[in-house]
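Examining the three-dimensional arrangement
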Amino acid sequence: MKLIYETHATTVDNERGIATGWLPGELSAAGREQARELGERRRDVDVVFSSDLRRAVQTVELSGLTVPHFQDWRLRECNYGELNGAPRDALEPRVERVGTPFPGGQSYDDVLELTRSFLADVERWYEDQVVLVVAHSANRWSLEHLVGGRAPMEQLVADGVNWQPGWEY
């Protein structure tokens, strides 16, 4: 299986410095254009899986891809609990949340385990296909830990979001 990971396109909250977490989110004008660009560069995929949060679903919907699209709740961003919708700075230092949940929410290790479960299923069902995953930063850190360079989650979270047009595994 070839796995391609893309983060959802830019949201209004991203532009405002808001940590959306488990809230739905809405793509900005720039994000809608990024979604179309994602579709142009990923025409060779066989199937798409995305988070069920609106911003990830909207990214896939606007991409123009016509392959099957499945939403999976295990691909959600980390649940920041009481901090869903708070200013991004309120989450810092995030590295302290690798093993300790956000108040009323999840830890990054919780997201790691959900991503591990998703990977086990997708590897079994789509072993000879090109799979595109559209999700969030916590999922990218989890994938990088599980199948990328196997860097510790603490390092990946501390390094933050280093956007690029997709990662291939």
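Residues numbered from 1 in each chain as written. Predicted model: local features only at pLDDT ≥ 70, side-chain atom pairs only at ≥ 80, totals over all residues. Heavy atoms only, no water.

Section: helix 2 (residues 29-41)
Residues that lie three or four places apart on an α-helix share one face, since the helix turns once every 3.6 residues. Compared with the 18 Å implied by 1.5 Å per residue over 13 residues, the 19 Å span of helix 2 between its first and last C-alpha is a close match. Where helix 2 is buried, its residues contact strand 1 (2-7), helix 3 (54-63) and strand 6 (130-135). (Helix = DSSP H or I, 4+ residues; strand = E, 2+ residues; numbered from the N terminus. Expected span 1.5 Å × (residues − 1). Contact = heavy atoms within 4.5 Å.)

Overview of the sheet that holds strand 6
What the five strands build is an open sheet, ordered 4-3-6-1-7; its pairing is mixed. With one partner strand each, in any of the chains shown, strand 4 (69-71) and strand 7 (167-168) form the two edges of the open sheet. In this sheet, strand 7 lies alongside strand 1 in antiparallel orientation, the contact comprising two bridges. From the neighbouring strand, Tyr 5 faces strand 7, where its bridge partner is Trp 167. Packed onto the sheet, helix 5 (residues 137-146) meets strand 1, strand 6 and strand 7 and runs at close to 150 degrees relative to strand 1. (Pairing = 2+ DSSP bridges. Axes fitted to C-alpha atoms, helices over the stretch in contact; angles between N-to-C directions.)

Brief notes about helix 3
Where burial is concerned, most of helix 3 is hidden: seven out of the ten residues are buried. Those residues of helix 3 that sit buried are Arg 55, Ala 56, Val 57, Gln 58, Thr 59, Val 60 and Ser 63. Where helix 3 is buried, its residues meet helix 2, strand 3 (47-50), strand 4 and strand 6. The positive-phi residue at the C-terminal boundary of helix 3 is Gly 64, with phi of around 85 degrees. (Buried < 20%, exposed > 50% of the residue type's maximum accessible area, 1.4 Å probe, protein only.)

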